[in-house]
Amino acid sequence: MLQEKIEAIKAQVAEMTADSAEALEALRIRYLSKKGEIAALFNDFKLVPPEQKREMGQRLNEIKTLVTDRINQLREQCQTEAKQANRVDITRPAVPQALGTRHPLSVVRKEIVDIFARLGFTLAEGPEVEDDWHVFSALNFAADHPARDMQDTFFVEQNEQDVTRNIVLRSHTSSVQVRTMDHHKPPIRIICPGRVYRNEAITARAHCFFHQIEGLYIDKGVTFADLRQVLLYFAQQLFGSDTKIRLRPSYFPFTEPSAEMDVTCMLCGGKGCSFCKHTGWVEILGCGMVDPAVLEASGIDSTVYSGYAFGLGIERITNLKYMVKDLRMFSENDVRFLDEFQPVH
Ligand code: DAH
């Protein structure tokens with residue numbers, strides 16, 4: 001009887017497997033615990049006739065050792081397998097990490113800001129939600145100026161009686177000029193990048209928000225010649241040293257005289273092509289001498305100080321540099337588009 005049971009367990013030992021710590025523990029409990037199968041054999045041993053005790057005792061001890069050894073062996077196997085599974089293979093090629101790219105508008109903004117920084121312009125910023133005073137009134141826009149019209153400006157809060165209490169989304173970064181003049185005395189030399197909003201239908205050529213960079217320089221004796229020289233430097237830094245500029249008379253409420261600046265077409269070099277409508281020139285910014293009324297509105301004595309200002313659209317410059325056909329690409333965040341602006345290593 002006992003002999004058969006011992007043989008049966010021996011056969012089971014040969015088949016024993018365990019692929020986890022849980023399975024091993026189950027084996028240990030089944031065979032080696034106090035109520036396990038080996039303990040049961042020792043109970044049966046009490047009934048063995050005295051003359052067989054010696055031999056049976058030996059066999060019992062053997063089977064106990066056999067089971068214990070087998071379970072220990074399985075435990076070791078399990079541990080080495082777990083170790084191997086956790087091992088780091090340092091020769092394995094790394095998974096490539098996808099690199100993000102800077103947004104093209106950020107690339108161009110930085111490039112423009114850097115050019116002016118080399119000339120001593122410092123960065124200034126202002127809020128996108130502005131009041132009428134900083135966006136229009138202080139910049140010499142008449143109360144009935146069409147730019148204030150609902151067509152162009154997003155009104156956040158409107159007060160019919162008092163135009164200066166109207167809250168708007170700024171429609172240009174010229175508002176930062178006013179904020180800076182409010183808080184700083186001349187000399188002032190700032191460059192102000194930022195987002196602006198206009199109530200326009202969204203198409204390939206217009207969007208309800210876009211980005212501008214405003215420049216302002218105020219000091220004693222600043223002249224139109226200074227403005228022209230700085231803009232020439234800027235255009236040549238941005239588009240190449242062969243670039244020429246031309247200033248055409250224009251009108252802005254906050255500058256007098258005002259001008260629009262063209263640069264030689266970057267595609268044909270000024271010879272004339274379909275891109276520049278065969279003129280050889282493309283327009284890139286508005287500028288002028290700060291109107292004395294604007295200086296006075298911010299408490300700067302226009303008999304002592306003069307200054308120039310200019311403003312340009314970052315999307316426009318980016319389009320000219322990278323020939324992006326559809327303005328909406330800039331705000332759709334399609335990574336296939338953004339991936340084209342991989343930094344050069
Ligand atoms: N604020 C003008 C606009 O949004 C751009 C501009 C033109 C800014 C002439 C200036 C300037 O500072 O002098 O169209």
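Residues numbered from 1 in each chain as written. Predicted model: local features only at pLDDT ≥ 70, side-chain atom pairs only at ≥ 80, totals over all residues. Heavy atoms only, no water.

**A look at the domain arrangement of the protein chain**
It is common to report an interface's size as the accessible area lost on association of the parts. The test is simple: These domain limits were set by an automatic method or by a database of domain assignments.
Each assigned domain of the protein chain is listed with its residue range as follows: domain 1 (2-86) and domain 2 (104-341). Spacing between the C-alpha centres of domain 1 and domain 2 amounts to 87 Å.

**Here we look at the environment of Val230**
To keep it simple, the criterion reads: Starting at the N terminus, helices and strands are each numbered in turn, a helix being any DSSP run of H or I of at least four residues and a strand any DSSP run of E of at least two. Classification of residues uses two cut-offs on accessible area relative to the type maximum, computed with a 1.4 Å probe and protein chains only: under 20% is buried, over 50% is exposed, and between them is partly exposed. Pairs of residues are marked as contacts when any of their non-hydrogen atoms sit within 4.5 Å.
Along the chain, the position of Val230 falls in helix α8 (residues 224-239). When its relative accessible area of 14% is taken as the criterion, Val230 is described as buried. As for Val230 and Leu119, which are separated by 111 residues in sequence, their C-alpha atoms are 8.3 Å apart. Once residues lying within four places of it in the same chain are set aside, the contact partners of Val230 are Phe116, Leu119 and Tyr308.

**Brief notes about the nonpolar core**
Going by this rule: Among buried residues, those of type Ala, Val, Leu, Ile, Met, Phe, Trp, Tyr and Cys that are joined through side-chain atoms within 4.5 Å constitute a nonpolar core.
Counting residues in each nonpolar core, the largest one holds 44 residues, and the members touching the most others are Ile112, Phe234, Ile284, Leu285, Tyr308 and Phe310. Elements represented by at least two residues in this core include exactly α5 (104-118), β6 (209-219), α8, β8 (255-264), β9 (281-290), β10 (306-313), α10 (314-322) and α12 (335-338). The leading source of residues in this core is α8, at eight residues. Setting aside chain neighbours within four positions, we find Tyr308 in contact with Phe121, Gly215, Leu216, Tyr217, Val222, Thr223, Asp226, Leu227, Val230, Gly288, Met289 and Val290. If you look at the next biggest cluster of nonpolar residues, it comprises 23 residues, including Phe136, Val168, Ile300 and Tyr305.

**So, the pattern of salt bridges**
It is possible for side chains of opposite charge to pair when their charged atoms get near one another. Here is the rule: A pair is scored as a salt bridge if a Lys or Arg side-chain nitrogen falls within 4 Å of a carboxyl oxygen belonging to Asp or Glu.
One pass over the full model with this rule turns up 13 salt bridges. Linking Arg246 and Asp262 is a salt bridge whose minimum nitrogen-to-oxygen distance equals 2.9 Å. One end of the pair, Arg246, is in strand β7 (residues 245-252); the other, Asp262, is in strand β8, and 16 residues separate them in sequence. Its relative accessible area of 33% is what places Arg246 among the partly exposed residues. Between Arg248 and Glu283 there is a salt bridge, with its nearest N and O atoms 3.9 Å apart. Taken together, the residues Arg248 in strand β7 and Glu283 in strand β9 connect sequence positions 35 residues apart. Residue classification places Arg248 among the partly exposed positions, given a relative accessible area of 26%. Look at Glu283 and you get partly exposed, because its relative accessible area is 35%. Beyond isolated ion pairs, a larger network of salt bridges with shared partners links Arg246, Arg248, Glu260, Asp262 and Glu283.

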